[in-house]
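What the coordinates show
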Amino acid sequence: QKEVEQDPGPLSVPEGAIVSLNCTYSNSAFQYFMWYRQYSRKGPELLMYTYSSGNKEDGRFTAQVDKSSKYISLFIRDSQPSDSATYLCAMSEYNFNKFYFGSGTKLNVKP
Amino acid sequence: DTGVSQDPRHKITKRGQNVTFRCDPISEHNRLYWYRQTLGQGPEFLTYFQNEAQLEKSRLLSDRFSAERPKGSFSTLEIQRTEQGDSAMYLCASSPGTGEEKLFFGSGTQLSVL
């Protein structure tokens, strides 16, 4: 069993839709949770970072963490074609010696 | 802050050859990570340095892989006797080492082993 599970998609939505991306994990020692966006043939770029259960909002993006269920989500409001990319969840234990990534969800926002 | 730089961007080699990649992290970042990513998969951890010390290494990493960070600045990743299964994107990331760490990735080196 992988430490981090993520639905690979692809997920196709119309412009303006609300997008929900999710990951589950098995290691209760994970304390830090991140979402990265990756365009084709580029390195991942950090979108959201949180370390506690609850919600964190940044513009059109909201990250949600439920440690009791070992479940994290990323919501994108008013999705744009430029949001079309692969979204990776990542998480780490307290020492940051290793970050564990999901397999990524490919998102396509249609104009 | 010029970001994480990786060189080369692309490398094509024949099976059995040795290859070396270089990573220049963000200045003053003392944590440096190497990851490998294949098509349709997320980045897979290879190794982690804090300054010049290699503190973590994946059990999946065979003896053909070696990484160094001799002065705690740039790092090199060498693959000896390459195999076709080594074909992947090799990503380097750095992090400040000041507490709540966030990975900043380079654009990667795409390796193709023929």
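Please refer to the structure higher up on the page.
Remember, predicted model here, so these are calculated numbers, not experimental data.

Before going further, it helps to examine the sheet that holds strand β1 (residues 4–6) of chain A. Residue and element names in this part refer to chain A. Within the open sheet, the five strands sit side by side as β1-β3-β8-β7-β6. Their pairing is antiparallel. Looking at strand neighbours, the two that pair on one side only are β1 and β6 (54–58), the edges of this open sheet. Within the sheet, the average angular offset between the axes of one strand and its neighbour, ignoring direction, is 20°. Here three bridges tie β1 to strand β3 (residues 19–25), and the two strands are oriented antiparallel to one another. Within β3, the position partnered with Gln6 by the bridge is Cys23.

In this section: the pattern of salt bridges. Pairs can form between side chains of opposite charge once their charged atoms are near each other. Residue and element names in this part refer to chain B. Going through the model one piece at a time under the given rule, you end up with nine salt bridges over all chains. The partner of Arg31 in a salt bridge is Glu101, with the nearest N and O atoms 4.0 Å apart. One end of the pair, Arg31, is in strand β4 (residues 31–37); the other, Glu101, is in the loop between β9 (88–95) and β10 (104–105), and 70 residues separate them in sequence. Arg64 is the partner of Asp86 in a salt bridge, and the nearest nitrogen-oxygen pair spans 2.8 Å. On the criterion of sequence distance, the pair formed by Asp86 in the loop between β8 (75–79) and β9 and Arg64 in the loop between β6 (53–57) and β7 (65–68) is long-range, its members being 22 residues apart. Residue classification places Asp86 among the buried residues on the basis of a relative accessible area of 3%. Judged by relative accessible area, Arg64 falls into the buried class, the value being 11%. Salt bridges here are not isolated pairs; linked through shared partners, they connect Arg64, Glu83 and Asp86.

This paragraph deals with the environment of Asn30(B). Tracing the backbone shows Asn30(B) in the loop between β3 (19–24) and β4. A C-alpha to C-alpha distance of 14 Å links Asn30(B) and Glu56(B), two positions 26 residues apart in sequence.

Residues and elements named next belong to chain A. Summarising the element assignment, Asp83 is placed in the loop between β8 (71–76) and β9 (85–92). In this structure Asp83 comes out as buried when scored by relative accessible area, which is 1%. Residues in contact with Asp83, not counting those within four places in the same chain, are Arg37, Arg60, Phe61, Ile76, Asp78, Leu107 and Val109.

Below, the discussion takes up the sheet that holds β8(B). Residues and elements named next belong to chain B. Taken in spatial order, the four strands of this open sheet run β1-β3-β8-β7, and their pairing is antiparallel. Each having just a single partner strand, β1 (5–7) and β7 make up the two edges of the open sheet. For this sheet, the mean inter-axis angle between neighbouring strands, taken without regard to orientation, is 15°.

Here is what the cut-offs are and how they apply
Residues numbered from 1 in each chain as written. Chains lettered and ligands numbered in written order. Predicted model: local features only at pLDDT ≥ 70, side-chain atom pairs only at ≥ 80, totals over all residues. Heavy atoms only, no water. Pairing = 2+ DSSP bridges. Helix = DSSP H or I, 4+ residues; strand = E, 2+ residues; numbered from the N terminus. Axes fitted to C-alpha atoms, helices over the stretch in contact; angles between N-to-C directions. Salt bridge = Lys/Arg side-chain N within 4 Å of Asp/Glu carboxyl O. Buried < 20%, exposed > 50% of the residue type's maximum accessible area, 1.4 Å probe, protein only. Contact = heavy atoms within 4.5 Å.

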